Amino acid sequence: MPRITAGTVAEHHAQQRRALLDAARSILASTGAAPTMSEVARRAGLARSSVYQYFASPEELLEGIVADVFPEWARSVLERVAAASTPGDRVWAYIEANIDLFDSAEQAVARALSRIVDPQVLMPPMKAFHVQLQIPLRQALEDLGEHEPEAVAEHIDAIILQASRAIRGDGAPSGPEARAQALARVRRMLSGYLQLPTPDPVPPVT
C-alpha cells in the first residue's frame, strides 16, 4: 500500500478515494471497458477491500467517475475562457479548450462511459456540463453584439465537433501539426466575426 500523508482522517479518506477514481479512469482510458474492483485496487496500490469502503459496487464506482469527470472537464474549459480578455478572445479560448479536451486521453474516458454507463446516470451530468459551458460562451457572443447567441453558440459547438473529428480521424490522439492545422482552419473562418487577427498559414500535414 502506498504511503499516504494526510493531516486528518478526512484528508486521508479523500486521498484514497482520489487514488481509486484516478485508477478507474486510467483503466477506462486504456481498455474502454468497465474496470473491476480488483483491477482498480491493483492499479491504485490498495487492498481490494479498500475499494468497497468507498464504492459499494462496480455500478457505484462508475457513478463516482461520472460525478468526478464532468466538473473537472468543465473547469478545464471555463478557466481558460475566464482568463481571456476580450469577448472574441473568450470565444476563441472556448473553442481551443474544447478541441484540446476532445483531442486528449479524456475523450477515451468519455467514449467508454457513453458505452457502459446507464443513460439515466450519464445524461443529467452531461446536460448540466453542456449548460455550464454555454453560459460564458453565450455571454461572450452577446458582448460581441450577437443577436442570436443561443443559435450561434450551437453552431460553434458543431464547428468544434467537426474540427475534432478531423484531428482524430482514426480515434487516436493527434500530433501538434494536425491540431495546429485544424485550429488555423477554424480561425480563418471565424477571425473576422470574432475580431481576431488572421493566423499565418499552417503547412498541411503530410
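See the structure shown above.
**Student:** Would you mind showing me how to read the overall build of the protein here?
**Tutor:** Helix and strand content of the protein: 9 helices and 0 strands. Along the protein, helices (α) and strands (β) appear in the sequence α-α-α-α-α-α-α-α-α when read from the amino end. The buried share of the protein, reckoned over its 206 residues, is 38%. Pairs at least 24 residues apart make up 63% of the contacts formed inside the protein by residues separated by at least 6 positions. For the protein, the accessible area works out to roughly 11,100 Å², and carbon and sulfur atoms hold 56% of it.

**Student:** When you look at the packing of aromatic side chains in this model, what are you seeing that I'm missing?
**Tutor:** Two aromatic rings, taken as a pair, are described by how far apart their centres are and by the angle between their planes. Following the criterion strictly, the structure yields 3 aromatic pairs and no others. The interplanar angle of 55° and the centroid separation of 5.6 Å between the aromatic rings of F70 and F129 together place this pair among those described as tilted. Linking F70 in helix α4 (residues 58-83) with F129 in helix α7 (residues 119-143), this pair joins segments that are 59 residues apart in sequence. Each member of the pair, F70 as well as F129, is classed as buried. Through a chain of ring-to-ring contacts, three or more aromatic side chains come together here, namely F70, W73 and F129.

**Student:** Sorry, what's going on with the environment of G88 here?
**Tutor:** Here G88 lies in helix α5 (residues 87-102). Leave out the neighbours within four places in its chain, and G88 touches L144, L194 and L196.

**Student:** I'm lost on the nonpolar core in this one. Help?
**Tutor:** As a rule of thumb, nonpolar side chains are buried together in soluble globular proteins. By size, the foremost hydrophobic cluster in this structure holds 53 residues, and its most contacted members are I65, I95, L113 and I156. It is α4 that contributes the most residues to this core, 10 residues altogether. Residues contacting L113, with those up to four places away along its chain left out, are L28, I65, V66, V69 and L122.

**Student:** Where do I start with the packing of α4 against α7 in this structure?
**Tutor:** Two quantities define a packed helix pair, namely the angle between the axes and the distance from one axis to the other. At a closest axis distance of 10 Å, the pairing of α4 and α7 adopts a crossing angle of 10°. Viewed along their axes, α4 and α7 adopt a mutual orientation that is roughly parallel. Counted together, E63, V66, F70, W73, A74, V77, L78 and V81 of α4 and V121, L122, P125, M126, F129, Q132, L133 and P136 of α7 form the full contact between these two elements. Taken together, the residues of the contact of α4 with α7 break down into 14 nonpolar, 1 polar and 1 charged.

**Student:** Which parts of the structure should I look at to understand unusual backbone geometry?
**Tutor:** Peptide bonds are, in most cases, trans, and in most cases residues other than glycine have a negative phi. For Q195, which is not glycine, the phi torsion reads 60° and is therefore positive. Its location among the elements puts Q195 in the segment after α9 (176-194). On the basis of relative accessible area, Q195 is assigned to the exposed category, the value being 63%.

**Student:** Before we go on, may I ask you to explain a negative patch on the surface in this structure?
**Tutor:** On the surface, E59, E60, E63 and D118 cluster together into a negatively charged patch. The residue E59 is located in helix α4 in this model.

**Student:** It is not clear to me how helix α1 (residues 9-31) should be interpreted in this structure. Could you clarify?
**Tutor:** Quick reminder: α-helices carry 3.6 residues per turn. Residues three or four places apart thus point the same way. With 23 residues, α1 extends 33 Å from end C-alpha to end C-alpha; this agrees with the ideal 33 Å at 1.5 Å per step. Of the residues making up α1, those classed as buried are Q16, L20, L21, A23, A24, R25, I27 and L28. Contacts made by the buried residues of α1 are with α2 (37-44), α3 (48-54), α4 and α6 (106-116). A positive phi of about 75° marks G32, the residue just after α1.

**Student:** Looking at this structure, I do not really get the side chain of D157. What am I missing?
**Tutor:** Secondary-structure assignment places D157 in helix α8 (residues 149-167). In this structure, D157 is buried with no salt-bridge partner, the nearest side chain bearing the opposite charge being R138 at 7.2 Å. At 2.7 Å, the side chain of D157 and the side chain of Y94 are in polar contact. Aside from chain neighbours lying at most four places away, what touches D157 is Y94, H130, Q134 and L137.

**Student:** I would appreciate a short explanation of the environment of L78 in the present structure.
**Tutor:** Tracing the sequence through the fold places L78 in helix α4. Overall, the relative accessible area of 22% leaves L78 in the partly exposed class. Residues contacting L78, with those up to four places away along its chain left out, are Q132, L133 and P136.

How each quantity is defined
Residues numbered from 1 in each chain as written. Predicted model: local features only at pLDDT ≥ 70, side-chain atom pairs only at ≥ 80, totals over all residues. Heavy atoms only, no water. Helix = DSSP H or I, 4+ residues; strand = E, 2+ residues; numbered from the N terminus. Buried < 20%, exposed > 50% of the residue type's maximum accessible area, 1.4 Å probe, protein only. Contact = heavy atoms within 4.5 Å. Areas by Shrake-Rupley, 256 points an atom, 1.4 Å probe, with all protein chains shown as cover. Phe/Tyr/Trp six-rings, centres within 6.5 Å; stacked < 30°, edge-to-face > 60°. Core = buried A, V, L, I, M, F, W, Y, C linked by side-chain atoms within 4.5 Å. Axes fitted to C-alpha atoms, helices over the stretch in contact; angles between N-to-C directions. Parallel < 35°, antiparallel > 145°, perpendicular 65-115°, else oblique. Nonpolar A, V, L, I, M, F, W, Y, C, P; charged D, E, K, R; others polar. Patch = residues over 30% accessible without salt bridge, like charges linked within 9 Å, V, L, I, M, F, W, Y side chains within 5 Å. Salt bridge = Lys/Arg side-chain N within 4 Å of Asp/Glu carboxyl O. Lys, Arg positive; Asp, Glu negative; His and termini not counted. Charge placed at Lys NZ, Arg CZ, Asp CG, Glu CD. Expected span 1.5 Å × (residues − 1). Polar contact = N/O pair within 3.5 Å; in protein donor to acceptor, adjacent residues only side chain to side chain.

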